[in-house]
Amino acid sequence: MPTPLKPTAEQLLAARDTTIPDVAAPGLRVLFCGINPGLWSGATGHHFARPGNRFWPALHRSGFTPRLLRPDEQEELLGLGLGITNVAPRATAKADELTADELREGGAALTGRVLRLRPRVLAVLGIGAYRTAFGRRTAAVGRQEEGIGETEVWVLPNPSGLNAHYTLDGLAEEFGRLRAAVE
């Protein structure tokens, strides 16, 4: 049976604290890293699945994908040298439900994943989560001075519709800066 694209209220409730698999492989150009799955993602098994999340439009507008992909087409990213993971694995309604300890533990686990998969770039989507997970209190959006092994680290704005600091155009511009650096 196909995974629902629009989960019911019961499915959303049942998705709390679930995990979803990464879309990842060794040697990617960019491994995008969300903070953690939302309930829509937990219920559907697809990253950035909630309507209003601007990840997929920003990815397309910045030139990373030749067309606007839907969350249920996430596996197509691998053929483009792209992947998705998360700092913290458990699904929540809002990222602020995560503890600082969860983010730090997630940062350590993410470091291990990056060292194993060796993407060219890790792009963390959320400045606050990056600062907490990696202990970089003064980090800013953009390329970070310190990488992980041979992997460059970039911080991009969180594409959640709840992030009012960036419009879709602003997100696409930041994603585009990363794309230009990778190509």
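Since the structure is predicted, the reported quantities are computational estimates derived from the model, not experimental observations.

Asker: Please clarify how the overall build of the protein should be interpreted in this entry.
Answerer: Each helix and strand in the protein was counted, giving six helices and five strands. Starting at the N terminus, the α and β elements of the protein follow one another as α-β-α-α-β-α-β-α-β-β-α. Against the 2.2 N^0.38 benchmark of 16 Å for 183 residues, the protein shows a C-alpha radius of gyration of 15 Å, consistent with a compact globule. Its C-alpha atoms give the protein principal-axis dimensions of roughly 45 × 40 × 35 Å. Burial statistics for the protein: of 183 residues in total, 49% are counted as buried. Here the protein displays about 9,100 Å² of accessible surface, and carbon together with sulfur accounts for 53% of that area.

Asker: Honestly, the sheet that holds strand S5 (residues 152-156) in this entry has me stumped. Any pointers?
Answerer: Sheets are built from strands paired through backbone hydrogen bonds, the pairs being either parallel or antiparallel. The strand order across the open sheet formed by five strands is S2-S1-S3-S5-S4, and the pairing between neighbours is mixed. The two strands at the open ends of the sheet, each matched to only one other strand, are strand S2 (82-86) and strand S4 (142-143). As paired strands, strand S3 (residues 121-125) and S5 are joined by five bridges and run parallel to one another. Across the sheet, residue Val121 finds its bridge partner in S5, namely Glu152. Of the strands in this sheet, strand S1 (30-34), S3 and S5 touch helix H6 (residues 168-182), which is tilted by about 160 degrees from S5.

Asker: What is the right way to read the packing of aromatic side chains from this model?
Answerer: In this description, an aromatic ring pair is defined by two values, namely the gap between the centres and the angle between the planes. Scanning the model with the defined rule gives seven aromatic pairs in all. Between the aromatic rings of Phe32 and Phe64, the centroid separation amounts to 5.4 Å while the plane-to-plane angle is 90 degrees, which identifies the pairing as edge-to-face. Linking Phe32 in strand S1 with Phe64 in the loop between helix H3 (55-61) and S2, this pair joins segments that are 32 residues apart in sequence. For the ring pair Phe55 and Phe175, a centre distance of 6.2 Å and an interplane angle of 65 degrees mean the geometry is edge-to-face. Note that Phe55 is positioned in helix H3 and Phe175 in helix H6, a separation of 120 residues in sequence. The exposure class of Phe55 is buried, given its relative accessible area of 0%.

Asker: Please explain the pairing of S2 as it appears in this structure.
Answerer: Remember that side chains alternate between the two faces of the sheet whenever the strand is regular. Along S2, five of the five residues are buried, which leaves the element largely enclosed by surrounding structure. Neither face of S2 is left uncovered, since the one carrying Leu82, Ile84 and Asn86 and the one carrying Gly83 and Thr85 both have all their residues buried. Bridge count for S1 against S2 is five bridges, and the pairing is parallel. In the strand pairing of S2, Cys33 is matched with Thr85.

Thresholds applied
Residues numbered from 1 in each chain as written. Predicted model: local features only at pLDDT ≥ 70, side-chain atom pairs only at ≥ 80, totals over all residues. Heavy atoms only, no water. Helix = DSSP H or I, 4+ residues; strand = E, 2+ residues; numbered from the N terminus. Rg over C-alpha atoms; globule rule 2.2 N^0.38 Å. Buried < 20%, exposed > 50% of the residue type's maximum accessible area, 1.4 Å probe, protein only. Areas by Shrake-Rupley, 256 points an atom, 1.4 Å probe, with all protein chains shown as cover. Pairing = 2+ DSSP bridges. Contact = heavy atoms within 4.5 Å. Axes fitted to C-alpha atoms, helices over the stretch in contact; angles between N-to-C directions. Phe/Tyr/Trp six-rings, centres within 6.5 Å; stacked < 30°, edge-to-face > 60°.

Scope: geometric values only; no functional claims are made or implied.
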